[in-house]
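Per-entry structural report
If you want the building blocks of each chain, they are given just below.
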Amino acid sequence: MADPVIHQPSLYLIGDRDLVAPMYKNQPIEATRRSCPTWWVAQVIEHCGHWTQQEQPGEVNRLLKLPG
């Protein structure tokens, strides 16, 4: 892979109860920022597991609205 960095403006969401989150040593946003430096939103959603859009659809829809 020549350039593993995502250059498009992006949204990053992860649930605070996501079983994948511990692999980031409790810092999932900071751990992945190197590969996606152009986030317009990076958010940990409370009371949510891995399937953010099914578990917290209202919060996901709120965060999906473009800034501006």
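Right above here is the structure, for reference.
Please read these numbers as outputs of a predicted model, since none were measured by experiment. Per chain, the residues get numbers from 1 upward, laid out in the order the sequence is written. At least 70 in pLDDT is required for a residue's local features to be given in this predicted model, at least 80 for side-chain atom pairs to be given and counted, and no such filter applies to totals for whole chains, interfaces and linings, which use all residues. Side-chain numbers come from the whole structure's heavy atoms, not from hydrogens or water.

**Describing the environment of Ala 21**
- Assignment of secondary structure puts Ala 21 in the loop between strand S1 (10-15) and helix H1 (28-32).
- Exposed residues in this analysis have more than 50% of their type's maximum accessible area, buried residues have under 20%, and partly exposed residues fall in between, with area computed by a 1.4 Å probe over protein chains only. Overall, the relative accessible area of 12% leaves Ala 21 in the buried class.
- A sequence separation of 29 residues divides Ala 21 from His 50, and the C-alpha atoms of the two residues are 8.7 Å apart. Secondary structure counts use DSSP, requiring at least four H or I residues in a row for a helix and at least two E residues in a row for a strand, with both numbered from the N terminus.

**Thoughts on the nonpolar core**
- Think of a nonpolar core as a cluster: buried Ala, Val, Leu, Ile, Met, Phe, Trp, Tyr and Cys residues, connected wherever their side-chain atoms sit within 4.5 Å. In this structure, Tyr 12, Ile 14, Ala 21, Ile 29, Cys 36 and Trp 39 together form the largest nonpolar core, which totals six residues.
- For Trp 39, the residues in contact, after removing those within four places along its chain, are Ser 10, Tyr 12, Ile 29, Thr 32 and Arg 33.
- Val 41, Cys 48, Val 60 and Leu 63 belong to the second largest nonpolar core, which has five residues in total. In what follows, residue pairs with any heavy atoms lying within 4.5 Å of each other are defined as contacts.

**Describing the environment of Asp 18**
- Position of Asp 18 relative to the elements: it lies in the loop between S1 and H1.
- Residue class for Asp 18 comes out buried when judged on its relative accessible area of 7%.
- The sequence separation of Asp 18 and Pro 4 amounts to 14 residues, and the corresponding C-alpha distance is 24 Å.
- For Asp 18, the residues in contact, after removing those within four places along its chain, are Cys 48, Gly 49 and His 50.
- Polar contact is the term for a pair of N or O atoms within 3.5 Å; when the atoms are in protein, one must be able to donate a hydrogen and the other to accept it, and sequence-neighboring residues count only if both atoms are side-chain atoms. Of the polar contacts made by the side chain of Asp 18, one reaches the backbone nitrogen of Val 20; its length is 2.8 Å.

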